[in-house]
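# Tertiary structure, described
Here are the chains, one letter per residue:
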Amino acid sequence: MKYENAGEVIPEELLKEIQKYAAGKLLYVPKGDEKKGWGEATGYRDRLQRRNRMIRNKYANGMTVSELADEYFLSLDSIKKIIYSKKNDGHLTYAPTVHSAVQYASNGLLEEWSQCYLLLTRQIAPDLHDFIEEKHSYFGVVKFPLRLIELNGIGLEEDGADEADDQAADLPPLLVEYVKGKFYCIEQKEILAALKRRKVNAYPTVIILKETTDYKRFMKLYGNVLFFIDHA
């Protein structure tokens with residue numbers, strides 16, 4: 001390491017202050033960058049935490065240790081350590097409810113909640129798996145006017161009891177995609193139909209946006225007028 005004369009690189013007033021404490025001593029001056037924790041620079045630690053949360057959620061929703069080991073290419077012991085770890089990454093446990101979605105959203109994990117809901121609760125059709133793999137922006141959970149959602153292919157006739165007809169249940173928020181200025185219900189058409197039959201005007205909703213142009217348009221028109229739900 002090359003030594004420099006402090007008088008040549010440090011302002012005179014600052015040099016006098018340093019001389020009060022360390023005159024004649026060899027000093028090492030660090031760059032000032034805070035040391036990042038393991039994995040922070042590459043984002044690996046965050047991805048690992050998200051993976052472990054998903055493993056715990058899947059286990060809690062019926063997947064076996066063996067199935068999880070096969071899916072994630074991990075040993076049985078590794079899966080067990082993740083499942084039973086006391087270090088629980090925020091103690092978030094997925095449930096198909098508005099309350100759970102709000103908890104995830106408050107921790108910046110709304111995308112994970114949405115994926116858990118589609119994969120674990122709805123058990124979506126294979127053609128929607130590509131939708132999950134795509135990069136989206138998630139806005140919500142917000143109180144959303146149901147009149148804005150397109151009703152294409154959604155029948156409002158009575159069809160017996162369904163998920164949204166259970167008044168006592170803590171229901172999930174709607175997942176609604178915003179595309180080219182219009183809102184579409186992704187997978188919960190029977191819930192939306194039941195809400196419309198009950199003449200519900202506004203309901204907790206997660207807005208999903210894909211294209212940058214859609215995001216900018218949405219934020220301009222709706223970003224400041226929708227009310228976030230901070231508890232359920």
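Cut-offs applied
Residues numbered from 1 in each chain as written. Predicted model: local features only at pLDDT ≥ 70, side-chain atom pairs only at ≥ 80, totals over all residues. Heavy atoms only, no water. Helix = DSSP H or I, 4+ residues; strand = E, 2+ residues; numbered from the N terminus. Buried < 20%, exposed > 50% of the residue type's maximum accessible area, 1.4 Å probe, protein only. Contact = heavy atoms within 4.5 Å. Areas by Shrake-Rupley, 256 points an atom, 1.4 Å probe, with all protein chains shown as cover. Pairing = 2+ DSSP bridges. Axes fitted to C-alpha atoms, helices over the stretch in contact; angles between N-to-C directions. Core = buried A, V, L, I, M, F, W, Y, C linked by side-chain atoms within 4.5 Å. Left-handed = near helix turned anticlockwise from the far one by under 90°. Nonpolar A, V, L, I, M, F, W, Y, C, P; charged D, E, K, R; others polar.

Let us look at the overall build of the chain. Helix and strand content of the chain: 10 helices and five strands. Expressed as a percentage of the 232 residues in the chain, the buried residues total 36%. Partitioning the contacts of the chain with sequence separation of at least 6, the portion at a separation of at least 24 is 72%. Of the roughly 15,200 Å² of accessible surface on the chain, 52% is carried by carbon and sulfur atoms.

Moving on: the environment of A101. Along the chain, A101 turns up in helix α6 (residues 98–106). When sequence neighbours within four positions are dropped, the list of residues in contact with A101 reads L110, W113, V141 and P173.

Okay, the pairing of strand β4 (residues 202–209) next. Burial of β4 is extensive: seven of the eight residues sit out of reach of the surface. Looking at chain direction, strand β1 (residues 137–145) and β4 are connected through seven bridges and run antiparallel. Bridged to Y138 within β4 is I208. The pairing of strand β2 (residues 174–179) with β4 spans five bridges and is classified as parallel. The residue bridging Y178 from the neighbouring strand is L209, located in β4.

A few words on the sheet that holds strand β3 (residues 182–185). Taken in spatial order, the five strands line up as β3-β2-β4-β1-β5 in an open sheet, and their pairing is mixed. The two strands at the open ends of the sheet, each matched to only one other strand, are β3 and β5 (227–228). Here β2 runs beside β3; their pairing, made up of four bridges, is antiparallel. Opposite V176, over in β3, you have C185 as the bridge partner. The strands that helix α9 (residues 189–197) touches are β2, β3 and β4; relative to β2, the one it contacts most, it runs at about 100°. On the sheet, helix α10 (residues 212–222) packs against β1, β2, β3 and β4 and is oriented at approximately 110° with respect to β2.

Ranked by size, the top nonpolar core spans 54 residues in total, and within it I149, L174, L175, F183, I207 and F218 carry the most contacts. If one sorts the elements of this core by residue count, helix α7 (residues 110–121) sits on top with six residues. Contact partners of F218, with chain neighbours within four places excluded, come to F139, Y178, F183, I207, L209, G223 and L226.

Before going further, it helps to examine the packing of helix α3 (residues 44–60) against helix α4 (residues 65–72). Orientation of α3 relative to α4, taken along the N-to-C sense of each, is 145°, at an axis distance of 10 Å. Handedness of the crossing formed by α3 with α4: right-handed. Residues R51, M54, I55, K58 and Y59 of α3 pack against V65, L68, E71 and Y72 of α4. Among the residues making up the contact of α3 with α4, the classes are represented as six nonpolar, no polar and three charged.

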